[in-house]
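Now for the letters of each chain:
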Amino acid sequence: IRTILILFILISSHVNAEEKNKNSYGISIEDFSSYKVSKMLTDQDSIFFGVNVNRGSYDGYSYPTSSSTYILYRLAYRRYLPKEMVVHKFFQINLTSSINYTDGKKDDNDYYYVDVTSGLEYFLRKNISIEGMMGVGFQYSKGSNRSSKSLVLPATRMGLTYYFY
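Scoring rules and cut-offs
- Residues numbered from 1 in each chain as written.
- Predicted model: local features only at pLDDT ≥ 70, side-chain atom pairs only at ≥ 80, totals over all residues.
- Heavy atoms only, no water.
- 1 Å grid on protein atoms, 1.4 Å probe; cavity = no way out; pocket = protein on both sides within 12 Å on 5 of 7 lines; lining within 4 Å.
- Points joined across faces, edges and corners; volume = space filled by probe spheres on them.
- Helix = DSSP H or I, 4+ residues; strand = E, 2+ residues; numbered from the N terminus.
- Nonpolar A, V, L, I, M, F, W, Y, C, P; charged D, E, K, R; others polar.
- Phe/Tyr/Trp six-rings, centres within 6.5 Å; stacked < 30°, edge-to-face > 60°.
- Buried < 20%, exposed > 50% of the residue type's maximum accessible area, 1.4 Å probe, protein only.
- Lys NZ or Arg CZ within 6 Å of the ring centre and 35° of its normal.
- Salt bridge = Lys/Arg side-chain N within 4 Å of Asp/Glu carboxyl O.
- Polar contact = N/O pair within 3.5 Å; in protein donor to acceptor, adjacent residues only side chain to side chain.
- Contact = heavy atoms within 4.5 Å.

Comments concerning the layout of surface pockets
Within this model, the largest pocket holds a volume of roughly 500 Å³. Residue lining of the largest pocket: 21 residues in total, with Asn52, Leu72, Tyr111, Tyr113 and Arg157 positioned closest to the centre. Elements that contribute at least two residues to the lining of the largest pocket include exactly strand S3 (45–55), strand S4 (68–80), strand S7 (110–123) and strand S9 (147–164). Ranked by residue count, the leading element in the lining of the largest pocket is S9, at five residues. Grouping the amino acids of the lining of the largest pocket by side-chain chemistry returns nine nonpolar, eight polar and four charged.

Description of the packing of aromatic side chains
With the rule as written, the count across this model stands at five aromatic pairs. Each ring, one from Tyr162 and one from Phe164, has its centre 5.0 Å from the other, and the planes form 70°; the classification is edge-to-face. Overall, Tyr162 belongs to the partly exposed group, its relative accessible area being 38%. Its relative accessible area of 41% is what places Phe164 among the partly exposed residues. The ring centre of Tyr25 lies 4.9 Å from the NZ or CZ of Lys39, which sits over that ring. The ring centre of Phe90 lies 3.7 Å from the NZ or CZ of Arg78, which sits over that ring.

Points about the pattern of salt bridges
One pass over the full model with this rule turns up eight salt bridges. For Glu30, the salt bridge is made with Arg157, and the minimal N-O distance between the two is 3.5 Å. Note that Glu30 is positioned in strand S1 (residues 25–30) and Arg157 in strand S9, a separation of 127 residues in sequence. Pair check on accessibility: Glu30 and Arg157 agree, each one buried. Between Glu131 and Lys36 there is a salt bridge; the shortest N-O distance is 3.2 Å. Residue Glu131 is located in strand S8 (residues 128–142), and its partner Lys36 is located in strand S2 (residues 34–40); the two are separated by 95 residues in the primary sequence. Accessibility classification places Glu131 together with Lys36 in one group, the buried group. Connected through salt bridges with shared partners, the residues Glu30, Lys36, Arg74, Arg78, Asp115, Glu121, Glu131 and Arg157 form a single ionic network.

Focus on the environment of Lys89
Mapping Lys89 onto the fold places it in strand S5 (residues 87–102). Classification of Lys89 by relative accessible area gives partly exposed; the value is 34%. Separated by 44 residues in the primary sequence, Lys89 and Met133 have C-alpha atoms spaced 9.7 Å apart.

Things to note about the side chain of Gln92
Mapped onto the elements, Gln92 comes out in strand S5. In terms of polar contacts, Gln92 uses its side chain to reach the side chain of Arg78, at 2.6 Å. At a separation of 2.9 Å, a polar atom in the side chain of Gln92 contacts the side chain of Asn94. Once residues within four sequence positions are removed from consideration, Gln92 is found in contact with Phe48, Arg74, Ala76, Tyr77, Arg78, Asp115, Val116, Thr117, Met133 and Arg157.

This is the structure we're talking about:
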C-alpha cells in the first residue's frame, strides 16, 4: 500500500522542490506513530532526532499489554543526492535505541536497531513533502528472559514533513 501511495503522489502532482539550505528545519510524522525533527547541516546533509512512545510489546516476542511502555529514540543522518525537478533522492542511516518500562518501572530489556535506507522525498507544496524509503536493517534485543538478533528485509518507512525556511 505504501508503494502504491508513493507512486500515486509522484504521478498526480507537479510542484517544484524547494531549495533546502543550512537554515532549514523540518518536523515529520512517520508511520503514524513516530515524530522527528530535522536540521539541515549543509545543502546536502541533514540530521534527525526522533521519538516514538508506544504501549505494549517492544520486540515482537510478547503479546501487547497495557502495563508495558517503550520509548524509542532515533538519531539519523541523511545525504541528499543531486535533486530532480520535484524529487529529492537520498541515502539515510538510522540508529535507534529504547528505554522500556513494565508496571511503571524501568526494566532490563535493551533494544537496538540500525538501518541503511535510500528513498525519495517528493514536494506536494513549497514546504510540505512526503517521503518513502526502503533498505536493510539489523535489530538486537536483550533481556533477562531472552535475546535476539535479526536482519530486517525490507526496512521501510514513510513520512510527511513540514519545512521551516
